[in-house]
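# Coordinate inspection notes
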Protein chains: 2
Amino acid sequence: MNKAERTRQFIIEKAAPIFNTKGYAGTSLSDMTESTGLTKGSIYGNFADKDEVALACFEYNHKMVREAISNEMAQFPSYRDKLLVYVEVYSNPRKYPLQHGGCPLLNTTIEADDTHPRLRALAGEAVVKWKERLVDLIEAGKAIKEFKKTTDPARTAITMIALLEGMIFVSRATGDPANGKAVIESIRNLIHEL
Amino acid sequence: MNKAERTRQFIIEKAAPIFNTKGYAGTSLSDMTESTGLTKGSIYGNFADKDEVALACFEYNHKMVREAISNEMAQFPSYRDKLLVYVEVYSNPRKYPLQHGGCPLLNTTIEADDTHPRLRALAGEAVVKWKERLVDLIEAGKAIKEFKKTTDPARTAITMIALLEGMIFVSRATGDPANGKAVIESIRNLIHEL
DNA sequence: TTAAAAATATACCAATCGGTATATTATAAA
DNA sequence: TTTATAATATACCGATTGGTATATTTTTAA
């Protein structure tokens, strides 16, 4: 890594949590210069514009979540346990580095869907791939008879995603941990009935 | 309604869909003057600041959704059918005036939770009240033996909310109606198993 | 160690931001 | 119809926005 690559990475690491909490429209260049200690000249020497920083930050935030999930998942041979890792990681934002601002997929989709087509596209592809990974896990579980053969992989996968993001929504909206826990219980139920 | 009250209402009606699509940080005073044809002087003559417009617009957007739901619900005596109204309204954004930008509860919560405490508080209270209305419906259904006595009203209510908002998320993220429909099917299942 | 190249800082730009004081116009009660 | 008052428009404010041209410093390879 040469200097420019290190700086680029440094900017991403500092700006990513800001974009995830304040959103694209809510994050300014001064937020970035402040958090990095760098100047605008330095930032624009490494990125074409604000858009490019935002896109890179989204990918960084999303990668952090994915890595937390797959690291945990590697510990469990059972597919049911692998699926339960999502529940564990998403319901313990303190313990796992979903860090500042919650799920970047949810934040980006809700803010960008009507206003920022490139971010919207990135988030959309990420959700589609997430669904595919879940479908693969559920089909693998069916193949070794861990899950029932009546289980619908596609419907289960997308329902799990909806429940996980919906759980984040009710937690953040009400601020009451009991609401999040109630949804968690429903997700556990869903996984145990596969 | 005197002139000022009519103008205030007019501003809200014009600005509400903009706030719901572009968010609080993304909506500017010029957006409002443009969409209303009024000047800043007129807007600030009827509202103290941008905050007050945003708050009024959130309440307007939320009221529109609530009224669409309760109008439909009045047609059905069965509590199961009443619950299914949510599915109908939330899955047909064209037919019902959830209108521009999707569910204001989801949009506001996701944008405001880290940045705008007053909006956050409004959205939070709205979700709590929504849950309470659902709990009431489910308990009423249990009272007349339409629902099983083993049904957990609180958990069912909050899970339904999570699924409905999660459904909006997967629809908007992927842009694929099939994903939304798959979640819808899961919500219908949930309601039929009560 | 040096010199060319790359990276960063400085200083600036026009445009837009939210907001306000004041002038003008429209309303509404007498 | 008049007149006091309320509502709206005009013209402006300083601060901040995203972005850039250029000067200065730091890397990096010879």
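A short tour of the structure in this document, coming up.

### Quick word on the environment of D31(B)
All names here are of chain B. Looking at the element boundaries, D31 is found in helix α2 (residues 29-36). Those residues in contact with D31, other than ones at most four positions away along the chain, are I18, K22 and G26. Among the polar contacts listed, one links the side chain of D31 to the side chain of K22, at a separation of 3.3 Å.

### A look at the protein's contact with DNA strand D
Close to DNA strand D lie 19 residues; L29(A), S30(A), K40(A), Y44(A) and T7(B) are nearest. Put simply, 70% of the atoms of DNA strand D that lie within 4 Å of the protein are in sugar or phosphate. In the model, a phosphate oxygen of DNA strand D is placed 3.4 Å from a nitrogen or oxygen of the T27(A) main chain. In the environment of DNA strand D, a phosphate oxygen lies 3.2 Å from a nitrogen or oxygen atom belonging to the side chain of S28(A). A class-by-class count of the residues in the surface near DNA strand D yields four nonpolar, nine polar and six charged.

### Considerations on the relation of the copies chain B and chain A
At an RMSD of 0.0 Å, chain B and chain A line up after a rotation of 180 degrees and a shift of 0.0 Å along the axis. Both chain copies can therefore be described as sitting about a two-fold axis. If distances are taken from each C-alpha of chain B to the rotation axis, the shortest is found for G166(B), at 2.3 Å. Here 100% of the interface residues in chain B have copies in chain A that are interface residues too; the copies meet face to matching face.

### Details of the interface of chain B and chain A
A common way to express how large an interface is: the accessible area buried when the components associate. Taken together, the contacts link 39 residues of chain B with 39 residues of chain A. When chain B packs against chain A, close to 3300 Å² is buried across both sides, 66% of that on carbon and sulfur atoms. When the buried area of chain B at its contact with chain A is split by residue, I110(B), R155(B) and F169(B) rank highest and sum to 20% of it. Counting across the interface, chain B meets chain A through four salt bridges. R172(B) is paired through a salt bridge with D114(A); the nearest N and O atoms lie 3.1 Å apart.

### Observations regarding the protein's contact with DNA strand C
Looking at DNA strand C, there are 17 residues lining it, with T7(A), L29(B), S30(B), K40(B) and Y44(B) nearest. T27(B) is positioned with one of its backbone polar atoms (N or O) 3.4 Å from a phosphate oxygen of DNA strand C. In the environment of DNA strand C, a phosphate oxygen lies 2.5 Å from a nitrogen or oxygen atom belonging to the side chain of Y44(B). Only α1 (3-26) and α3 (40-46) of chain A together with α2 and α3 (40-46) of chain B provide two or more residues apiece to the surface near DNA strand C. Looking at the surface near DNA strand C residue by residue, the classes come out as four nonpolar, eight polar and five charged.

### Looking at the packing of helix α6 (residues 104-112) of chain A against helix α6 (residues 104-112) of chain B
Axis separation between α6(A) and α6(B) bottoms out at 9 Å; the angle between their running directions is 115 degrees. Between α6(A) and α6(B) lies a crossing whose hand is left-handed. Note on element contacts: α6(B) touches α6(A) through L106(B), N107(B) and I110(B), opposite L106(A), N107(A) and I110(A). Looking at side-chain class alone, the contact of α6(A) with α6(B) contains four nonpolar, two polar and no charged residues.

### Regarding the environment of R8(A)
Residues and elements named next belong to chain A. For R8, the location among the structural elements is in helix α1. Along the sequence, R8 and F47 sit 39 residues apart, while their C-alpha atoms lie 7.8 Å from each other. Apart from the residues within four sequence positions on either side, R8 is in contact with N46, F47, E52 and A56.

So, how was this worked out
Residues numbered from 1 in each chain as written. Chains lettered and ligands numbered in written order. Predicted model: local features only at pLDDT ≥ 70, side-chain atom pairs only at ≥ 80, totals over all residues. Heavy atoms only, no water. Helix = DSSP H or I, 4+ residues; strand = E, 2+ residues; numbered from the N terminus. Contact = heavy atoms within 4.5 Å. Polar contact = N/O pair within 3.5 Å; in protein donor to acceptor, adjacent residues only side chain to side chain. Near = heavy atom within 4 Å. Nonpolar A, V, L, I, M, F, W, Y, C, P; charged D, E, K, R; others polar. Least-squares fit on C-alpha atoms with pLDDT ≥ 70 in both. Buried area = accessible area lost by both parts, 1.4 Å probe. Salt bridge = Lys/Arg side-chain N within 4 Å of Asp/Glu carboxyl O. Axes fitted to C-alpha atoms, helices over the stretch in contact; angles between N-to-C directions. Left-handed = near helix turned anticlockwise from the far one by under 90°.

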